[in-house]
Amino acid sequence: MRRCRGYHATYSESAKVTTLMTFSSDSRFWDRIAPRYARNSVSDEASYARKLAETAALMGPDMEVLEIGCGTGTTALHHAGRVAHIRATDISAGMLTIARQKADAAGISNVTFQR
């Protein structure tokens, strides 16, 4: 297995092509639904609140955090005040655009959103 920039590690060249096509179609899907996704609330608020509390308990003010699959940034923005910096990643440019808008609106500057 080798490390590949921009897509998941693969075992063969044919798997790499399949993975690239999946990555591309997945990102287009999430780009398309990003506005609707951002408007919807969490379906299980109690579980999400527990997840946030458990995660927050692990964080400290000097920490640098990596979030993979951040969507519209809700979790990263929630935890931003607890750590030095969060690098939040997602495959969807549309999701990241919304996440950046939410960070700007909240005045949060220690979260970097990237694809």
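Residues numbered from 1 in each chain as written. Predicted model: local features only at pLDDT ≥ 70, side-chain atom pairs only at ≥ 80, totals over all residues. Heavy atoms only, no water.

Novice: Looking at this structure, I do not really get the pairing of strand β3 (residues 111-114). What am I missing?
Specialist: Along any regular strand, the residues point their side chains to alternate faces of the sheet. A one-sided burial pattern is seen for β3, the buried positions being V111 and F113 and the unburied ones T112 and Q114. Pairing geometry for strand β2 (residues 85-89) and β3, over four bridges, is parallel. Residue pairing in the sheet places A88 in a bridge with F113 of β3. With helix α4 (residues 93-106) bridging β2 and its parallel neighbour β3, the resulting β-α-β unit is right-handed. (Buried < 20%, exposed > 50% of the residue type's maximum accessible area, 1.4 Å probe, protein only. Helix = DSSP H or I, 4+ residues; strand = E, 2+ residues; numbered from the N terminus. Pairing = 2+ DSSP bridges. Right-handed = clockwise from strand over helix to strand, strands pointing away.)

Novice: It is not clear to me how the environment of D62 should be interpreted in this structure. Could you clarify?
Specialist: Structurally, D62 is set in the loop between α2 (45-57) and β1 (64-68). Residue classification places D62 among the exposed positions, given a relative accessible area of 74%. Each C-alpha atom, one on D62 and one on V83, is 5.9 Å from the other, the two residues being 21 residues apart in sequence.

Novice: What is the right way to look at the side chain of N110 in this model?
Specialist: Note that N110 resides in the loop between α4 and β3. Given a relative accessible area of 16%, N110 falls into the buried group. A polar atom in the side chain of N110 sits 2.8 Å from the backbone oxygen of A80. Within the structure, N110 has its side chain in polar contact with the backbone oxygen of A84 (distance 3.4 Å). Beyond its immediate stretch of four places on either side in the chain, N110 contacts A80, V83, A84, H85 and I86. (Polar contact = N/O pair within 3.5 Å; in protein donor to acceptor, adjacent residues only side chain to side chain. Contact = heavy atoms within 4.5 Å.)

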